[in-house]
Amino acid sequence: MKPAHLYVEADHDGAGRMAARLVDEAIHIKPEIVLALPTGTTPVPMYRQLAVLHAERRTDWSRVTTFNLDEYVGVGPDHPESYTHYMATQLFSRVNLPPERRHLPDGLAPEPAAEARRYEAAIDDAGGIDLAVLGVGVNGHLGFNEPGVELSGPAHVATLAQETWRRNFPNLAAAAARMGDTDLAARPHRRAYTMGIGTILQARRIILLATGDAKREIVRRALHGPVTTQNPASLLQLHTQVIVVLDRAAAGGAAG
Ligand code: GLP
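One structure accompanies this document, and this report is about it.

The rules behind each value
- Residues numbered from 1 in each chain as written.
- Predicted model: local features only at pLDDT ≥ 70, side-chain atom pairs only at ≥ 80, totals over all residues.
- Heavy atoms only, no water.
- Near = heavy atom within 4 Å.
- Polar contact = N/O pair within 3.5 Å; in protein donor to acceptor, adjacent residues only side chain to side chain.
- Areas by Shrake-Rupley, 256 points an atom, 1.4 Å probe, with all protein chains shown as cover.
- Nonpolar A, V, L, I, M, F, W, Y, C, P; charged D, E, K, R; others polar.
- Salt bridge = Lys/Arg side-chain N within 4 Å of Asp/Glu carboxyl O.
- Helix = DSSP H or I, 4+ residues; strand = E, 2+ residues; numbered from the N terminus.
- Buried < 20%, exposed > 50% of the residue type's maximum accessible area, 1.4 Å probe, protein only.
- Pairing = 2+ DSSP bridges.
- Contact = heavy atoms within 4.5 Å.
- Axes fitted to C-alpha atoms, helices over the stretch in contact; angles between N-to-C directions.
- Phe/Tyr/Trp six-rings, centres within 6.5 Å; stacked < 30°, edge-to-face > 60°.
- Core = buried A, V, L, I, M, F, W, Y, C linked by side-chain atoms within 4.5 Å.

Another aspect to go through is the site of the ligand. Residues in contact with the ligand amount to 13 residues; listed here are only the nearest, Thr41, Thr42, Asp70, Asn168 and Lys215. In the model, a nitrogen atom of the ligand is placed 3.3 Å from a nitrogen or oxygen of the glycine 143 main chain. Residue lysine 215 places a side-chain N or O atom 2.7 Å away from an oxygen atom belonging to the ligand. Considered on its own, the ligand offers 390 Å² of accessible surface; in the complex 93% of this is hidden by protein. Of the residues that constitute the shell around the ligand, the class distribution is 3 nonpolar, 8 polar and 2 charged.

The next subject is the pattern of salt bridges. A complete count under the given rule lists 9 salt bridges for this structure. Aspartate 13 serves as the salt-bridge partner of arginine 48, at 3.7 Å between the closest nitrogen and oxygen. Note that arginine 48 is positioned in helix α2 (residues 44-56) and aspartate 13 in helix α1 (residues 12-29), a separation of 35 residues in sequence. You can call aspartate 13 partly exposed: its relative accessible area is 33%. Here aspartate 24 and arginine 57 are joined by a salt bridge, their closest N and O atoms 2.6 Å apart. Of this pair, aspartate 24 sits in helix α1 while arginine 57 sits in the loop between α2 and β3 (65-68), and the two are 33 residues apart along the sequence. Given a relative accessible area of 37%, arginine 57 falls into the partly exposed group.

Read across the open sheet, the 7 strands follow the order β1-β10-β9-β6-β2-β3-β5; overall the sheet is parallel. The strands lining the two open edges of the sheet, one partner per strand, are β1 (5-9) and β5 (102-103). Across 4 bridges, strand β2 (residues 34-37) lies against β3 in parallel orientation. Across the sheet, residue valine 34 finds its bridge partner in β3, namely threonine 65. Set on the sheet, α1 makes contact with β1, β2, β6 (131-134), β9 (205-210) and β10 (242-247); between it and β10 the angle comes to about 150°.

Our focus in this paragraph is unusual backbone geometry. Positive phi, close to 55°, is recorded for arginine 58, a residue that is not glycine. Topologically, arginine 58 is positioned in the loop between α2 and β3. Residue histidine 189 is not a glycine yet carries a positive backbone phi of 65°. Structurally, the position occupied by histidine 189 is in the loop between α6 (170-178) and β8 (191-194).

Moving on: the pairing of β8. In the sheet, strand β4 (residues 70-72) pairs with β8 via 3 bridges, with the strands oriented antiparallel. Bridge assignment links aspartate 70 to a residue of β8, and that residue is threonine 194. Direction of pairing for strand β7 (residues 156-159) relative to β8: antiparallel, over a ladder of 4 bridges. Counterpart to threonine 159 in the pairing with β8 is arginine 191.

This part covers the side chain of glutamate 115. Take glutamate 115: it is sitting in helix α4 (residues 112-125). When residues no more than four places from it in sequence are discounted, the contact partners of glutamate 115 are Pro105, Asp106, Ala109 and Tyr193.

Once that is clear, we can look at the packing of aromatic side chains. Taken as a whole and judged by the stated rule, the model has 7 aromatic pairs. Measuring from ring centre to ring centre gives 6.3 Å for tryptophan 165 and phenylalanine 169, while their planes differ by 45°; the resulting arrangement is tilted. We note that tryptophan 165, like phenylalanine 169, is buried. Of the aromatic side chains, those joined through ring pairs into one cluster are Tyr72, Tyr83, Phe144, Trp165 and Phe169.

Turning to the nonpolar core, a few remarks are in order. In this structure, Val23, Leu35, Met46, Trp61 and Leu91 are the most contacted members of the largest nonpolar core, which totals 40 residues. Going through the elements one at a time, α1, β2, α2, α3 (83-92), β6, β9 and β10 are the ones with two or more residues in this core. If you tally residues by element for this core, the top one is α1, at 8 residues. Sequence-distant contacts of leucine 35, defined by excluding residues within four places in its chain, comprise Val23, Ile27, Trp61, Val64, Thr65, Thr66, Phe67, Ile129 and Leu131. In this structure, Phe67, Ala132, Val242 and Leu246 belong to the second largest nonpolar core, which totals 32 residues.

What follows is the structure, encoded as structure tokens:
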């Protein structure tokens, strides 16, 4: 794959600053932009820099609309593991984005399937995603679209792969291991709302942000390996407007 642009920055912070610059510039160009936003450890420096740019460049978020990629089923907005809480801490408390323009699935919705449909419809009603910023899991997941024989197009409720759950909840995983509990199926936070692969690929532009040694192999396979549902990130090869932002550790041979 030849990305529309490939940026390789020195380190995690540098990659975050580059991604922030791209997002900030996109807001200046289209103040009513619709963004899809990721969570995880990777985008933390990006959000920090977006707050800096908001202050320094007077970037106005008052007409921006955001949709997060995913949220856990069964957690409320005040739960420290919820992505709603993450977004409040990392971004929403730092920029002038009106509360009614911030969208995440409602982790406490009584009917998860209906909530996923409502979320997809809300994205449609907003006119679709102009710019999606994506992280990637070490197994290639985008949002919580995990590797599998098939993927879902629209927003839906997904089950986390065991390796994803272990990585995202190391304390819970360690406790389960101590108790000799190998059946992780019923554990908390195993299900999550996620934009579907169709929702993501319909974004007009995409920034794929990945940093660190642990992402090197999956980034290489996403950009240069076969297009397969067993590596959801490889489906980005089907999109013509993907900007890839890496640090040197994640880049390895990805520039080829
Ligand atoms: C999480 C999120 C993804 C995120 C990915 C990478 O499980 N659902 O949206 O991109 O895993 O996370 P990290 O940036 O912490 O490596």
